[in-house]
Each structure stands twice: as C-alpha cells, then as structure tokens.
Amino acid sequence: MHGLFRWSSKWWPGVIPLVVFWAIAAWTTTPPLESELAARSAAALKDSLLDKTRITVAGRDVTFAADAFSEDGRRGAVASVAAVPGVRLVNDETQLVPEAKPFVWSAERDVVRVTLGGSAPLPATKGRLLEAARATLGGVEVVDQMNLSRGAPPRFDNAALLMLDQIWKLKDGKITISDAKVSLAGMARELGGREAIAAALKNLPEGFSVAANEIKAPPYIFQAYKDPVAVTLTLTGYVPDNNVHAALVAAAGRKFFNEKVADNIKASLGAPSGFANAVVPALGALSRLSTGTLVVSDREVKLSGDAFYDAAAAQIRAGLKDFPQGWQFKADISVKPASAPVDGTVCQQLFSDLLAKGKIRFESGRATIDPDSAGLLDRLIETALRCPSANIEIAGHTDADGEDGFNQALSEKRAQAVTDFLVKAGLPAERFTAMGYGSTQPVASNDTDEGKAQNRRIDFVVR
C-alpha cells in the first residue's frame, strides 16, 4: 500500500495542468458553438410561420420559444430546430397563438385618427392592413391596437381591406367584422358617402354578409345669402341634380330683380323629398328681405333677416306654411329701420330707378300679380313710405297685340291690382290713383318681342 502512494504521488500533479487546459478550451470554444447553433436554428425557421420567436443555446441544448398559428406549424418548427446539425436536445417552449371566438376586427374613426383594433390572423395580414390604412387615409394618424389571433374566417383579408376602403368615407364611426358578419355605424363624411358605402358592401367576399348598416348621411344643406352692400345673392350647398340646379338659379334670377346671383351650388345625392318645392318659395321669401339668410337643412327651412316694413314681416312669417309634408319652416324676421324721408322729386327718381331694374309681372293676359314680383313691390312700398305726403298714380300699360278695348281694360285692372297690394301693405288708399292707358303710351317699338316686353309695364308717377 505504501508503494501505491509513492507511485501516485508521482503522476497526480500532472493532472492539474490537464484540467486547467480543458477548462480553458471549454471556455474558449463553447460561446462560438452556441452562437453558431443559434444562427443555424434561426435559419432553419426562416420558412416557418411564427411570432415572438426566441432561441437560446446552452452548450448544444436549444431552448426554443415561439407563438405558432397552427399545431402542424408548431410541430414542424420544433422538428426543424431538432434537425439542425450539432443540436443535442430541444427544450420546447412553443405555444399556439390564442384563438378568438368570435373573431372580431374593427376600424374606428374619430376627428383626428383611425384606430385598428381586435384581431388579425397573421403578422403579414396585420402589416398589410396597417399599410393599406395609411395609404387610404393620407395624413390621418393610424393607431395599431390589433392582436394576433387564430380563428379568422376564410377570405378575411379581402373583407378587411374592402372595409378600410370605406373608413375614409366616414366623418366618424366604426366598422366591425365579427366572424363573417359586417357592422357599420357613424356619419358619412360627404353627401353621397352613405350610398357609396352601401354600393361597396355588395362586393363583400363570398361568405360575408352585412349584419347592420347604420351609416347616416350628413345634413343636406342648401344656403342663400342676400347682401345689400355687395348687391349679391350667394347660393351655396347642394341640390339633387342639374335640372333642379338650373331651376333654382332661374327662380333666383326672376325673384331677385337687382342682385347679381353668385352660383356656388353642387349636385349631390341625398336630397329630402320635396326639396325643390320647398326651396323655391323660400327663395321668394328671402327676396322680400333687405338683408337675409336662408338655410335649408334636411327638411327644415330657416329664414332670418330684415323686412322692409311691418306688414311684409308679418306676411313672410305667415305665408310659408304650405311646405311639402314633413317640412318645417322657422322665420326670424325683424324690420329694418325706416329710411330718411325724401321729397316728391327724389321719390320719383327712386321709383324710376327701381322700375328700370325690374318689372312687376302678371300672369299672361290677366291682372294676377306674379309672386316673383313680391320683392320688387316691397321695395316700391318702402319708397312710398319715405314720401308720405306725395300722391302717386299707378299707371298700367300694355303692348299693341290684341284689341284696344281688351288692352285698355287689362291695363286698368293691373294698375288696380298693384294699388290693392299697396293698400293691403298698410298705405292709405287715398294716396293712390289707378290708371290704365292700354297700348297708347309705348316706350319701345311693338314690332319686336323685346319692345313689346318693355311696353307691358306698371309706372309709378308722383303727382
């Protein structure tokens, strides 16, 4: 035994350097090996559909964690790492992406941003939806609150991309896909937007359907502003089509004898039923104001401004009740301050200036005053109020067509109709004399239609 100890005492000191050399070798070679195995494992997974992939290596043992989108995909990924040359053991920490039941995705728009929420089936899909939202919405902020989940219905990508094409048409609102059901709510950004979205929904992928479409149209607004300083009538807003557009501009030209019409109207879908039948008489009421604003919003008509005299204000408030069914009329009418009195000479000049710009019109061959002349008549009445001591002859004239007797009688009746209008407005009847002159005092040739139109007239003559 003593000999054995003597023998071992000769070799064991040589083991110590060997252990040191082995430790140094292990310390210098293990990190490069682990890095190489991690790189090989990552390369082996390049075609695998995974999320949140994490690979760590200890020696030749690999710990592999990831979220997979199917069980087959998960198993295949683990097998790919196990097959990497040099890997001894795979510690499998993979799991499946949670399944969403129901599978819900949404796009919500407010004033400043669009938020994408709910679930997306794959990272590539999530990226595609974000890219499409940013491209569609221009400079609008896009907020990503989407999670990755399994359970998307077939053709989900196509449905979601189609819905993103609609979100920019909303002023605010939300579009939701729940499994294969689509729901929409909110306010369209422009007139016609609601109809455009409804048309797009007809192109949903096979298997998808609309559960609810509660998109509202913005108010259908038409406006007219009468500016006495600029002597203009400005028309803005929307009309149903080009025919109504032309009809309203023509009506404005007839009713507003003095103002230049600034036409800024656009044609758009969504007009309420009876639109033209409500707007035309409302324009007539506006023509009777010194200054005023007409706002038509859906089926509500609001008129505000200053009438020329008290009776006109009362007539305007009471005269627009026969609107199409379902329409409302609200009038906020005051009376402009009375203008300074003038003498007879100035009064005559004011009458002549007004009648040079517009004519009192009548129904053809009759003594019924055309409603389009109400605005001009109100201006004539305002002028008559400025010269309260003057006596005024209302002179009726016709062209030379027809029999002299008929023309004489017609001119007298028309002069009397105007006189009655003035008296109804509150002016003293004794100040006015109705006279008819038939075709005996022409101011133009009766050989042309233009000349005949000039001869068919009512004159105000201060006596």
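Residues numbered from 1 in each chain as written. Predicted model: local features only at pLDDT ≥ 70, side-chain atom pairs only at ≥ 80, totals over all residues. Heavy atoms only, no water.

Caption draft 1: Spatial organisation of the nonpolar core. Ranked by size, the top nonpolar core spans 62 residues in total, and within it Phe 222, Phe 275, Leu 294, Ile 360, Val 418 and Phe 460 carry the most contacts. Examining the composition of this core, we find that seven residues originate from one element, helix 7 (residues 275-287), more than from any other. Each of two domains, domain 3 (221-335) and domain 4 (344-462), supplies a minimum of three residues to this core. Setting aside anything within four residues of it in sequence, one finds Phe 275 in contact with Tyr 220, Phe 222, Tyr 238, Val 239, Pro 240, Val 244, Leu 248, Val 296 and Trp 327. In terms of nonpolar packing, the next biggest core, distinct from the first, is built from 34 residues, Ala 100, Phe 103, Leu 130 and Ala 159 among them. (Core = buried A, V, L, I, M, F, W, Y, C linked by side-chain atoms within 4.5 Å. Buried < 20%, exposed > 50% of the residue type's maximum accessible area, 1.4 Å probe, protein only. Helix = DSSP H or I, 4+ residues; strand = E, 2+ residues; numbered from the N terminus. Domains from an automatic or database assignment. Contact = heavy atoms within 4.5 Å.)

Caption draft 2: Local environment of the packing of helix 9 (residues 344-357) against helix 10 (residues 374-386). Interhelical geometry of helix 9 versus helix 10 gives an angle of 175° and a closest axis separation of 10 Å. Between helix 9 and helix 10, the interaxial angle falls into the category roughly antiparallel. Where helix 9 approaches helix 10, its residues Cys 347, Leu 350, Phe 351, Leu 354 and Leu 355 are matched on the opposing element by Leu 376, Arg 379, Leu 380, Thr 383, Ala 384 and Arg 386. When grouped by side-chain class, the residues that make up the contact of helix 9 with helix 10 number eight nonpolar, one polar and two charged. (Axes fitted to C-alpha atoms, helices over the stretch in contact; angles between N-to-C directions. Parallel < 35°, antiparallel > 145°, perpendicular 65-115°, else oblique. Nonpolar A, V, L, I, M, F, W, Y, C, P; charged D, E, K, R; others polar.)

Caption draft 3: Structural context of the confidence of the model for the protein chain. For the protein chain, mean pLDDT is 91; residues scoring 70 or higher make up 93% of the total. Taken together, the stretch residues 17-29 has pLDDT below 50 and engages in one contact with residues farther than four places along the chain or on a different chain. (pLDDT = per-residue confidence, 0-100.)

Caption draft 4: Fine view of the sheet that holds strand 19 (residues 457-462). Read from one edge to the other, the open sheet built from three strands follows the order 18-17-19, with strand pairing classed as mixed. The two strands at the open ends of the sheet, each matched to only one other strand, are strand 18 (432-436) and strand 19. Here the strands of the sheet are splayed against their neighbours by 20° on average, with no regard to which way each runs. Sheet topology note: the strand 17 (residues 392-397)/strand 19 ladder contains six bridges and is antiparallel. Residue pairing for strand 19: Ile 392 is matched across the bridge by Val 462. Sheet strands in contact with helix 9 are strand 17 and strand 19, and its direction is about 170° off that of strand 19. (Pairing = 2+ DSSP bridges.)

Caption draft 5: Spotlight on helix 5 (residues 193-200). Among the residues of helix 5, Gly 193, Ile 197 and Ala 200 are the ones counted as buried. Projection of helix 5 onto a plane perpendicular to its axis shows the buried side chains occupying an angular sector of 60°, all on one side. Looking at the buried side of helix 5, the elements it contacts are helix 4 (156-167), strand 8 (170-178), strand 9 (181-188) and strand 10 (209-216). (Arc of directions from axis to C-beta.)

Caption draft 6: Fine view of the packing of aromatic side chains. As enumerated under the stated definition, the model contains seven aromatic pairs in all. The interplanar angle of 80° and the centroid separation of 5.6 Å between the aromatic rings of Tyr 220 and Phe 275 together place this pair among those described as edge-to-face. Residue Tyr 220 is found in the loop between strand 10 and strand 11 (221-227), and its partner Phe 275 is found in helix 7; the two are separated by 55 residues along the sequence. By relative accessible area, which is 1% here, Tyr 220 ends up buried. Look at Phe 351 and Phe 460: their rings are 5.0 Å apart centre to centre, the planes differ by 45°, and that puts the pair in the tilted class. One end of the pair, Phe 351, is in helix 9; the other, Phe 460, is in strand 19, with 109 residues separating them in the sequence. (Phe/Tyr/Trp six-rings, centres within 6.5 Å; stacked < 30°, edge-to-face > 60°.)

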